Amino acid sequence: MARKIIIDCDPGIDDSLAIMLALSMPDQIELLGITIAAGNSPVEMGYQNALKVLDFMGRLDVPVFMGADRPLRREFINALDTHGSDGLGESFLPETDPAKYVRQERSALEFMAETLRREPASLIALGPMTNIAMLAQKHPDAFDNIEELVSMGGSFRSHGNCSPVAEYNYWCDPDAASIVYEEMDRRKRLISMVGLDVTRRIVLTPDLLAYFKRLDHRIGGFIEKITGFYLDFHWEWEHLIGCVINDPLAVACFADKDLCRGFTSYVQIETGGISIGQSVVDSMHFYRHSPNALVMTEVDTLAFFRLFFSSLLGVDKSELDLLPQLIRTDSRTIDD
Ligand code: BDR
Ligand code: CA
């Protein structure tokens, strides 16, 4: 039976791919709604981008809710340098016709609280965790009802992407991330931390894009349109031909528990100083503290792309005969 989820995100190029993936797995995932936080793009832009993606997928029935417009305490720093001035790789897709969807009056926080009070559901966090921290603080009973919490964020051994040690989602709102890890700790629950150690292994290359387009020109063309800017960015900063698509891995990990492997550990998020936003993973058990996270360290890259392609294309994995030769399972970034 499909598991119910809420995606909390900041679209964002890779957030958009994650939403597309979630919608393409109806047997595993029922997407109850999408909540937006300020992150890659300002919140209103993220809201519009989510609608554009839903429109493209023909799924404007999925409600989108506006959330926090800034981090809890820190000054807001977006990532439009990475995602383009429109947050969608400067694809400049037209705004979705307001007649085609219902503009939700409830806030992201209200939607999360009401939904989780009514029924347990999982949360897949793909942006700064501002909305989720507010849920923990203002509606602890609803927070209790989170079935599984998967967070794309942080890093263990991999370097950061905003500072030597910090990943963007946690760096953008370190206070929120810190609260969410603490609240999960208080409840003796585990966050699945899908951080840069594993997402850096998910490189969408021009070859993969070309293959996708051969199999489905419409969806492949859309992905190409929104990722072009991202590819240029990776070339400039990482000397990489391809782009790291972080967020879909969190959705894939949720759906297929064999895709990523890791270890459980106590994790805290640094909220100040030069390592602000760092996920401090106590892998050596210095603090003698019970774990609050499952820190992912290994991923089967080929299996991810099999899932990504087959779900979005609606074909059987066995039909993707060219994939193994196009995937660099040893994908390496500047990290290695
Ligand atoms: C994360 O930050 C954003 O730029 C991406 O959307 C992803 O969620 C990677 O650090
Ligand atoms: Ca994101």
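For every chain, the first residue of the written sequence is number 1, and numbering continues from 1 onward in sequence order. To read the labels, note that chains go from A and ligands from 1, taken in the order they are written. With pLDDT at 70 or above as the cut-off, local features in this predicted model cover only qualifying residues; side-chain atom pairs require 80 or more to be listed or tallied, and sums for whole chains, interfaces and linings still use all residues. Values shown for side chains rest on all heavy atoms present in the structure; no hydrogens or waters enter the calculation.

### Here we look at the environment of L123
We apply this condition: Counting from the N terminus, the helices are the DSSP runs of H or I reaching at least four residues and the strands are the DSSP runs of E reaching at least two. Residue contacts are defined here by distance: any two heavy atoms, one from each residue, within 4.5 Å place the two residues in contact.
Here L123 shows up in strand β4 (residues 121-125). For the pair L123 and S151, spaced 28 residues apart in the sequence, the C-alpha separation amounts to 8.3 Å. What L123 contacts, discounting residues up to four positions off in sequence, is I6, M112, I132, I146, E148, L149 and V150.

### Quick look at the coordination of the calcium ion (ligand 2)
Convention followed: Shown as donors are all N, O and S atoms within 2.8 Å of a metal ion, widened to 3.2 Å for Na, K and Ca; because water is not in the atom set, sites may appear incomplete. Classification of residues uses two cut-offs on accessible area relative to the type maximum, computed with a 1.4 Å probe and protein chains only: under 20% is buried, over 50% is exposed, and between them is partly exposed.
The protein atoms that coordinate the calcium ion (ligand 2) are D10 (OD), D15 (OD), D15 (OD), L126 (O) and D247 (OD), at distances spanning 2.2 to 2.6 Å. Written as a sequence motif, the donor arrangement for the calcium ion (ligand 2) is D-x4-D-x110-L-x120-D. In this pair, D10 sits in the loop between β1 (3-9) and α1 (13-23) while D247 sits in helix α12 (residues 247-255), placing the two residues 237 residues apart along the sequence. Summarising the burial analysis for this pair, D10 and D247 share the class buried.

### Here's the deal with the pattern of salt bridges
Rules: Should a side-chain nitrogen of Lys or Arg be within 4 Å of a carboxyl oxygen of Asp or Glu, the pair is scored as a salt bridge.
Enumeration over the complete set of coordinates arrives at 18 salt bridges. Linking E119 and K4 is a salt bridge whose minimum nitrogen-to-oxygen distance equals 3.7 Å. Highlighted residues: E119 in the loop between α4 (108-118) and β4 and K4 in strand β1, separated in sequence by 115 residues. Taking the relative accessible area as the measure of exposure, K4 reaches 28% and is therefore partly exposed. Note that D69 and R70 form a salt bridge whose closest N and O atoms lie 3.9 Å from each other. Judged by its relative accessible area of 43%, D69 falls in the partly exposed class. Look at R70 and you get exposed, because its relative accessible area is 51%.

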